[in-house]
Amino acid sequence: STRVRSSAASDVYKRQNKEVIITMTKIDIFSGFLGAGKTTLIKKLIKEAFQGEKEESLVAFCVMGGIFGEGIDLKREQLIGAIIVGTGLPQISNEREILKEYYDKKEGMGFDYAYRYPGMNKVLQAAGRVIRTAEDVGIIELLDERFLQNDYQRLFPREWEQRSVCQLSNLEEKLAAFWEEKHL
């Protein structure tokens, strides 16, 4: 089987007698230099790396909104979790500021239309990688305190109503309880 690892920054950690490979590479940026044909090849290699039974856990890092954050379909146990860092807000630009100003005047919701909604769209796309079929089970970790605000929570899908807020001190316990409840 094909294994995708970063030669630049790959570390192996032992945890509960399982090897966890943590690979840190911005494949989205790297693939941009290779051209469209090579991007397809890299996507295929990554998908192959996540197929079949594994003796070790694989962790991949992708850029939210990039082709690998949205374009790879990993089902069932191929992908059992996503850690989403940040709210996905787009960069400040003249176009976004014009949009913000327009909707501020029209509805008083300029920030929402120019920044929050496009950002949450990226968050939901990334989270959607975890649950692809009716049989899929997984965890979505949202790492940003802004997700605790009503302005963000009102944008969550109804399937997220039974969510849990974790602290670093109780994260491992909550994850273990989730998987135990799912009997996996």
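See the structure shown above.
Residues numbered from 1 in each chain as written. Predicted model: local features only at pLDDT ≥ 70, side-chain atom pairs only at ≥ 80, totals over all residues. Heavy atoms only, no water.

Q: How should I be thinking about the side chain of Thr-87 in this particular structure?
A: Here Thr-87 shows up in the loop between strand E4 (81-85) and helix H4 (94-106). Beyond its immediate sequence surroundings of up to four residues, Thr-87 is in contact with Gly-119, Met-120, Val-123, Asp-144, Arg-146, Phe-147 and Tyr-152. (Helix = DSSP H or I, 4+ residues; strand = E, 2+ residues; numbered from the N terminus. Contact = heavy atoms within 4.5 Å.)

Q: When you look at the packing of aromatic side chains in this model, what are you seeing that I'm missing?
A: Aromatic ring pairs: the centre-centre distance and the angle between the two ring planes describe each pair. Under the definition given, this model contains eight aromatic pairs. Centroid distance Tyr-113 to Tyr-117: 5.1 Å. Interplanar angle 85 degrees. Geometry classified as edge-to-face. In this pair, Tyr-113 and Tyr-117 both sit in helix H5 (residues 110-127), four residues apart, roughly one turn of the helix. The exposure class of Tyr-113 is partly exposed, given its relative accessible area of 27%. (Phe/Tyr/Trp six-rings, centres within 6.5 Å; stacked < 30°, edge-to-face > 60°. Buried < 20%, exposed > 50% of the residue type's maximum accessible area, 1.4 Å probe, protein only.)

Q: What is the right way to look at the environment of Gly-86 in this model?
A: Here Gly-86 lies in the loop between E4 and H4. The sequence separation of Gly-86 and Gly-119 amounts to 33 residues, and the corresponding C-alpha distance is 9.0 Å. Setting aside its immediate chain neighbours within four residues, Gly-86 contacts Met-64, Val-123, Leu-143, Asp-144 and Phe-147.

Q: So what exactly am I meant to see when it comes to the pattern of salt bridges here?
A: Where side chains of opposite charge bring their charged atoms close, a pairing between them can arise. With the rule as written, the count across this model stands at seven salt bridges. Between Glu-101 and Lys-105 there is a salt bridge; the shortest N-O distance is 3.5 Å. Of the two residues, Glu-101 and Lys-105 both sit in helix H4, four residues apart, roughly one turn of that helix. For the salt bridge of Asp-144 with Arg-146, the shortest nitrogen-to-oxygen distance reads 2.6 Å. One salt-bridge network, in which partners are shared between bridges, spans Asp-112, Arg-116, Asp-151 and Arg-154. (Salt bridge = Lys/Arg side-chain N within 4 Å of Asp/Glu carboxyl O.)

Q: It is not clear to me how the packing of H4 against H5 should be interpreted in this structure. Could you clarify?
A: For any two helices packed against each other, one specifies the crossing angle of their axes together with the interaxial distance. Remark: H4 packs on H5, axes separated minimally by 5 Å, with the N-to-C direction vectors making an angle of 130 degrees. When the axis of H4 is compared with that of H5, the two are oblique. On H5, the residues that touch Arg-96, Glu-97, Leu-99, Lys-100, Tyr-103 and Asp-104 of H4 are Gly-110, Phe-111, Tyr-113, Ala-114, Tyr-115 and Pro-118. Looking at the contact of H4 with H5, its residues break down into seven nonpolar, one polar and four charged. (Axes fitted to C-alpha atoms, helices over the stretch in contact; angles between N-to-C directions. Parallel < 35°, antiparallel > 145°, perpendicular 65-115°, else oblique. Nonpolar A, V, L, I, M, F, W, Y, C, P; charged D, E, K, R; others polar.)

Q: When you look at the environment of Asp-151 in this model, what are you seeing that I'm missing?
A: For Asp-151, the position within the fold is in helix H6 (residues 150-153). Residue classification places Asp-151 among the partly exposed residues on the basis of a relative accessible area of 33%. Along the chain, Asp-151 and Arg-116 lie 35 residues apart, while their C-alpha atoms are 8.7 Å from each other.

Q: Could you clarify how one ought to interpret the side chain of Arg-129 in this entry?
A: Looking at where Arg-129 falls in the secondary structure, it is placed in the loop between H5 and strand E5 (139-143). A residue is classified by how much of its surface remains accessible, and Arg-129, at 12% relative accessible area, is buried.

Q: Any chance you could explain H4 here in plain terms?
A: An α-helix turns once per 3.6 residues; consequently, residues spaced three or four apart project the same way. An ideal rise of 1.5 Å per residue puts 18 Å on 13 residues; H4 measures up with 18 Å between its terminal C-alpha atoms. Note on H4: the residue one or two positions beyond its end, Gly-108, has a positive phi of about 75 degrees. (Expected span 1.5 Å × (residues − 1).)

Q: I keep staring at the pairing of E4 and nothing clicks. Help me out?
A: On a regular strand, each side chain points to the face opposite its neighbour's, so the side chains alternate between the two faces of the sheet. Only one face of E4 is covered, namely the one carrying Ala-82 and Ile-84; the face carrying Gly-81, Ile-83 and Val-85 has none of its residues buried. Here E4 runs beside E5; their pairing, made up of five bridges, is parallel. Bridging across to E5, Ile-83 finds its partner in Glu-141. (Pairing = 2+ DSSP bridges.)

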